[in-house]
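One letter stands for each residue in the lines below.
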Amino acid sequence: RGVPYLDGWSGRRHLFLDPASIDRFEGARLTINPPQSSQVVIRPDRPWEQLMISLYTTVIDENGRLRLWYICRDADNRPNLAYAESTDGVRWIKPELGIVDYHGSKRNNLVGVSSLDGAVFKDPRAHPGEEYVYVGSAQSEGVFRYFSPDGLRWQRDARALLPFRSDTQNVVFWDDLSQTYILYLRGWNLTGKWEERLRKVVRLGAGKLTEPLPVTPSGRGNNPTNREDRPRIVDEIPTVLAADARDPIGTDVYNISAQPYPLDSRWYVGFPSFFLREKHISDGRLEVHFVGSRDGIDWQRYDRRGYAKPGLAGEDNANLVFIGPGIVVRGDELWQFGTGFRNRHGAVEQRKERPDGVIYRYIQRVDGFVSLDFAGEGGRALTRPIEADGPRLFVNVDTGALGTLRVGLRDAARNPIPGFGFEEFDPIRTNSSRSEVSWQGRTSVAALSGRGLQVEFRGERTKLFSFFFD
């Protein structure tokens with residue numbers, strides 16, 4: 001499987017997304033780290049955005065040009081897929097595309113898709129003219145594939161991809177590891193009354209997207225209050241993420257925003273919004289969490305702290321927060337984009353009085369989602385055997401001013417490797433995404449190339465985000 005080369009980053013990265021990759025540790029723990037900063041970069045300021053910029057966004061970086069697709073709703077609550085561009089992630093242009101006639105004028109940034117629950121991706125296996133794909137739910141007809149040669153002019157397949165209603169941000173991408181298309185869709189856990197069902201995330205693999213997929217409704221997802229409604233997904237597709245007993249009663253998983261990690265696509269990262277309903281199924285608040293995975297099926301939740309949470313009462317993001325698919329790499333930074341809302345979920349009447357919904361840019365440190373944190377009194381961790389696949393070892397670390405990190409190497413049988421022990425190690429005290437490891441000034445580990453070894457870390461007051469050979 002190929003590993004991408006982005007902004008000077010290359011090679012396999014050892015992240016702390018899989019707890020099983022650590023053989024043993026004490027005085028250390030895995031911690032989710034929220035983005036380092038955020039700012040509003042897009043506000044609703046067009047007639048077709050008069051009710052709100054809606055929940056879902058997608059960003060794709062094409063040779064330095066950032067392309068953003070977002071959902072908006074006008075004063076009549078009609079949804080449309082809109083488009084914006086930027087080079088710096090802060091100043092965005094809503095171009096007049098001349099594609100959609102909106103109230104007698106084509107001077108708008110609409111692209112002609114009315115589905116409000118999809119994500120755009122570039123299909124590396126697409127037929128010419130179908131390179132951009134958006135999988136969305138036409139609620140009365142099913143889940144459809146939309147396709148486009150440029151991400152702006154879209155067509156819809158004649159037949160539904162799936163015969164369900166999946167009203168969330170359906171995420172689809174081509175997965176090199178499994179050589180299949182992966183679809184993340186909304187499913188439901190039925191807990192008794194129809195109106196008390198709980199949202200969850202299901203995952204489906206597909207060899208192609210151009211034909212209906214062989215999934216048949218079981219009948220358990222039929223809406224007993226509306227026979228014309230499309231069935232929900234209940235037990236037809238395997239569940240990969242749902243609330244559990246450790247979550248508050250009434251919590252469900254609204255979406256997932258899953259994707260391969262762009263700096264090493266052997267890892268999968270997801271940014272689900274967790275919804276705590278209050279008065280009814282459509283009333284409540286949401287916050288973004290972080291989940292990580294080795295296979296896109298078994299998702300880890302770590303310490304379960306919020307990744308992006310609602311802001312202060314009255315602020316633009318006081319009640320709802322989402323982060324969409326797409327991670328932009330710029331130097332030591334990862335840029336993510338998502339929406340925030342002043343009002344609660346389902347608050348249509350309040351939005352009629354004042355448009356709601358803004359788009360944020362979040363800045364995260366490279367590999368910064370989860371860190372191995374060493375306590376102030378000191379801690380240690382030993383990885384499971386890995387292969388030294390480069391001549392030098394680097395760590396992505398933040399020791400602050402008072403912390404320290406030390407590194408020792410052991411063979412696959414846990415025996416210290418002479419010359420690479422803690423006695424010879426040059427202590428690291430820095431905040432760097434690429435701090436080179438050395439033993440008495442020696443940095444080369446080329447003699448260990450191809451060998452199975454275990455890396456032992458000892459630290460105090462330190463966050464270790466990743467390590468890699470290069």
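Computed from a prediction, not measured in an experiment: that's the story for all the values here. (Residues numbered from 1 in each chain as written. Predicted model: local features only at pLDDT ≥ 70, side-chain atom pairs only at ≥ 80, totals over all residues. Heavy atoms only, no water.)

So, the overall build of the protein
Here comes step 1: Each helix and strand counted, the protein has 1 helix and 33 strands in total.
Here comes step 2: Considering only C-alpha atoms, the protein reaches an extent of 75 × 50 × 50 Å along its principal axes.
Here comes step 3: The buried share among the 470 residues of the protein stands at 58%.
Here comes step 4: Pairs at least 24 apart in sequence give 64% of the contacts found in the protein among residues at least 6 apart.
Here comes step 5: With an accessible surface of roughly 19,400 Å², the protein has 46% of that area assigned to carbon and sulfur atoms.
Here comes step 6: Here the protein contributes 64 positive and 62 negative side-chain charges, whose respective centroids are spaced 1 Å apart. (Helix = DSSP H or I, 4+ residues; strand = E, 2+ residues; numbered from the N terminus. Buried < 20%, exposed > 50% of the residue type's maximum accessible area, 1.4 Å probe, protein only. Contact = heavy atoms within 4.5 Å. Areas by Shrake-Rupley, 256 points an atom, 1.4 Å probe, with all protein chains shown as cover. Lys, Arg positive; Asp, Glu negative; His and termini not counted. Charge placed at Lys NZ, Arg CZ, Asp CG, Glu CD.)

Description of the side chain of asparagine 317
Here comes step 1: Examined against the element boundaries, asparagine 317 turns out to sit in the loop between β21 (291-293) and β22 (320-321).
Here comes step 2: Setting aside its immediate chain neighbours within four residues, asparagine 317 contacts Lys309, Pro310, Gly311, Gly340, Phe341 and Tyr360.

Quick notes on the sheet that holds strand β5 (residues 52-62)
Here comes step 1: The sheet built from 3 strands is open, its strands ordered β5-β6-β7 with antiparallel pairing. Looking at strand neighbours, the two that pair on one side only are β5 and β7 (79-86), the edges of this open sheet. Here the strands of the sheet are splayed against their neighbours by 20° on average, with no regard to which way each runs.
Here comes step 2: For strand β6 (residues 65-73) and β7, the ladder comprises 8 bridges, and the chain directions are antiparallel. For arginine 73, the partnering residue across the bridge sits in β7 and is proline 79. (Pairing = 2+ DSSP bridges. Axes fitted to C-alpha atoms, helices over the stretch in contact; angles between N-to-C directions.)

Observations concerning the side chain of arginine 361
Here comes step 1: Within the secondary structure, arginine 361 sits in strand β25 (residues 358-365).
Here comes step 2: Buried arginine 361, no salt bridge; nearest opposite-charge side chain is glutamate 333, N-O distance 5.2 Å.
Here comes step 3: Here aspartate 88 takes part through its backbone oxygen, which lies 3.4 Å from a polar atom of the side chain of arginine 361.
Here comes step 4: With residues near it in sequence (within four places) discarded, arginine 361 still touches Ser37, Ser38, Gln39, Val41, Asp88, Gly89, Val90, Trp335, Gln336 and Phe337. (Salt bridge = Lys/Arg side-chain N within 4 Å of Asp/Glu carboxyl O. Polar contact = N/O pair within 3.5 Å; in protein donor to acceptor, adjacent residues only side chain to side chain.)

Side note on the nonpolar core
Here comes step 1: With 53 residues, the main nonpolar core has Phe290, Phe369 and Leu409 as its most contacted residues.
Here comes step 2: Not counting chain neighbours up to four residues away, the residues in contact with phenylalanine 290 comprise Leu17, Ile32, Val269, Gly270, Phe271, Gln300, Arg301, Tyr302, Tyr307, Phe369 and Val370.
Here comes step 3: Judged by nonpolar contacts, the second largest core, of 27 residues, contains Val113, Tyr146, Trp154 and Phe275. (Core = buried A, V, L, I, M, F, W, Y, C linked by side-chain atoms within 4.5 Å.)

Focus on the pattern of salt bridges
Oppositely charged side chains are able to pair whenever their charged atoms sit close together.
Here comes step 1: Counted under the stated rule, the structure contains 47 salt bridges.
Here comes step 2: Among the ionic pairs, aspartate 247 bridges to arginine 304, the shortest N-O distance being 3.5 Å. Remark: arginine 304 occurs in the loop between β21 and β22 and aspartate 247 occurs in the loop between β15 (239-241) and β16 (251-253); sequence separation between them is 57 residues. A single burial state applies to aspartate 247 and to arginine 304, both of which are buried.

A word on the layout of surface pockets
Here comes step 1: Approximately 480 Å³ is the volume found for the second largest pocket.
Here comes step 2: Per element, the largest residue contribution to the lining of the second largest pocket is 4 residues, and it comes from β5.
Here comes step 3: In terms of residue class, the lining of the second largest pocket is made up of 9 nonpolar, 5 polar and 8 charged. (1 Å grid on protein atoms, 1.4 Å probe; cavity = no way out; pocket = protein on both sides within 12 Å on 5 of 7 lines; lining within 4 Å. Points joined across faces, edges and corners; volume = space filled by probe spheres on them. Nonpolar A, V, L, I, M, F, W, Y, C, P; charged D, E, K, R; others polar.)

Some points on the sheet that holds strand β12 (residues 171-175)
Two modes of strand pairing occur in sheets, parallel and antiparallel, and in both the strands are linked by backbone hydrogen bonds.
Here comes step 1: In space, the 4 strands of this open sheet follow the order β12-β13-β14-β15, with antiparallel pairing throughout. The sheet terminates laterally at β12 and β15, the two strands that pair on one side only. Geometrically, the sheet is characterised by an average inter-axis angle of 40° between neighbouring strands, direction not taken into account.
Here comes step 2: Where strand β13 (residues 180-189) meets strand β14 (residues 198-206), 9 bridges bridge the pair, whose relative direction is antiparallel. If you follow asparagine 189 over to β14, its bridge partner there is leucine 198.

Quick notes on the environment of aspartate 167
Here comes step 1: Tracing the chain through its elements places aspartate 167 in the loop between β11 (155-156) and β12.
Here comes step 2: The sequence separation of aspartate 167 and glutamate 387 amounts to 220 residues, and the corresponding C-alpha distance is 43 Å.
Here comes step 3: If we skip the residues at most four places from it in the chain, aspartate 167 touches Tyr56, Asp117, Gln139, Arg186 and Trp188.

Here we look at the packing of aromatic side chains
Here comes step 1: Tallying each qualifying case throughout the model produces 27 aromatic pairs.
Here comes step 2: Summarising the aromatic geometry, the rings of tyrosine 134 and tryptophan 154 are spaced 6.2 Å apart at their centres and angled 70° between planes, so their arrangement reads as edge-to-face. Taken together, the residues tyrosine 134 in strand β9 (residues 132-138) and tryptophan 154 in the loop between β10 (142-148) and β11 connect sequence positions 20 residues apart.
Here comes step 3: Among the residues examined, tyrosine 134 registers a relative accessible area of 1% and is labelled buried.
Here comes step 4: Ring geometry for phenylalanine 425 against tryptophan 439: centres 5.7 Å apart, planes inclined by 70°, an arrangement best described as edge-to-face. Pair noted here: phenylalanine 425 is in the loop between β30 (404-411) and β31 (431-436) and tryptophan 439 is in the loop between β31 and β32 (452-460), with a separation of 14 residues, a long-range link.
Here comes step 5: Take phenylalanine 425: its relative accessible area is 5%, and that puts it in the buried class.
Here comes step 6: Given the relative accessible area of 0%, tryptophan 439 is considered buried. (Phe/Tyr/Trp six-rings, centres within 6.5 Å; stacked < 30°, edge-to-face > 60°.)

Remember, this is a structural readout, not a statement about activity or role.
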